Amino acid sequence: MIYKNVITYGTFDLLHVGHVRLLRRAKSLEEHLVVALSTDEFNKIKGKTSVLCYEERYEILSAIKYVDKIIPENNWEQKIQDILTEKIDCFVMGNDWEGKFDFLKTYCSVVYLPRTEDISTTQLKTDLKNADETFRTEFFLKNL
Ligand code: C2G
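Residues numbered from 1 in each chain as written. Predicted model: local features only at pLDDT ≥ 70, side-chain atom pairs only at ≥ 80, totals over all residues. Heavy atoms only, no water.

*Asks:* Sorry, what's going on with the site of the ligand here?
*Replies:* The ligand sits among 21 residues. The nearest are Phe12, Lys48, Glu73, Asp96 and Ile119. The contact in question runs from an oxygen atom of the ligand to an N or O atom on the side chain of Ser38, over 3.4 Å. Coverage of the ligand by the protein chains reaches 95% of its 640 Å² of free accessible surface. Taken together, the residues that form the shell around the ligand break down as seven nonpolar, eight polar and six charged. (Near = heavy atom within 4 Å. Polar contact = N/O pair within 3.5 Å; in protein donor to acceptor, adjacent residues only side chain to side chain. Areas by Shrake-Rupley, 256 points an atom, 1.4 Å probe, with all protein chains shown as cover. Nonpolar A, V, L, I, M, F, W, Y, C, P; charged D, E, K, R; others polar.)

Right under this line is the structure:
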């Protein structure tokens with residue numbers, strides 16, 4: 001049975017061009033893209049703290065034309081059930097996860113797409129922090 005549904009998982013914090021390119025390519029594989037968005041609680045389990053809370057990340061993702069449906073990602077174990085419930089034909093992740101989800105091949109096709117180089121939420125946070133520190137230093141020196 002072909003359903004024409006594709007799913008991907010992630011935190012999608014501080015949405016950037018790497019995320020958008022992943023979503024665009026995932027959507028190009030099928031007709032409907034489901035995004036399983038990591039909850040704040042699951043991010044703690046993943047060892048990630050996002051700048052934006054789940055509700056804000058949900059609202060931003062909802063504005064992306066490639067995204068047809070968003071479901072919460074609460075744990076590592078839900079993927080098989082999601083694939084069955086959402087009638088998924090294709091599971092997509094960036095290739096930083098290469099091989100990690102091959103066990104899903106029993107249920108649907110598994111595609112790892114090349115990550116977009118030179119951008120990440122972590123890098124954006126660092127860049128913003130450095131810009132703020134530079135501004136503060138220049139402001140301080142100007143007002144000595
Ligand atoms: N991504 C990308 N290029 C980047 C950054 C991210 O292609 N420069 C992709 C990642 O490979 C992932 C998706 O965008 O497929 C979302 O990235 P994150 O929000 O960092 O997701 P992650 O924390 O890897 O969560 O169960 C799976 C996890 O929830 C994945």
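*Asks:* Which parts of the structure should I look at to understand helix 1 (residues 17–29)?
*Replies:* An α-helix turns once per 3.6 residues; consequently, residues spaced three or four apart project the same way. Between its first and last C-alpha, helix 1 extends 19 Å over 13 residues, near the 18 Å set by a 1.5 Å rise per residue. By the burial criterion, the buried members of helix 1 are Gly18, His19, Leu22, Leu23, Ala26 and Lys27. Projected onto a plane normal to the axis of helix 1, the buried residues spread over an arc of 165° and lie on a single side. (Helix = DSSP H or I, 4+ residues; strand = E, 2+ residues; numbered from the N terminus. Expected span 1.5 Å × (residues − 1). Buried < 20%, exposed > 50% of the residue type's maximum accessible area, 1.4 Å probe, protein only. Arc of directions from axis to C-beta.)

*Asks:* Any chance you could explain the pattern of salt bridges here in plain terms?
*Replies:* It is possible for side chains of opposite charge to pair when their charged atoms get near one another. Per the stated rule, a full pass over the model turns up eight salt bridges. For Lys129, the salt bridge identified is with Glu133, shortest N-O distance 2.9 Å. Here Glu133 and Lys129 lie together in helix 5 (residues 121–142), a separation of four residues that amounts to about one turn. (Salt bridge = Lys/Arg side-chain N within 4 Å of Asp/Glu carboxyl O.)

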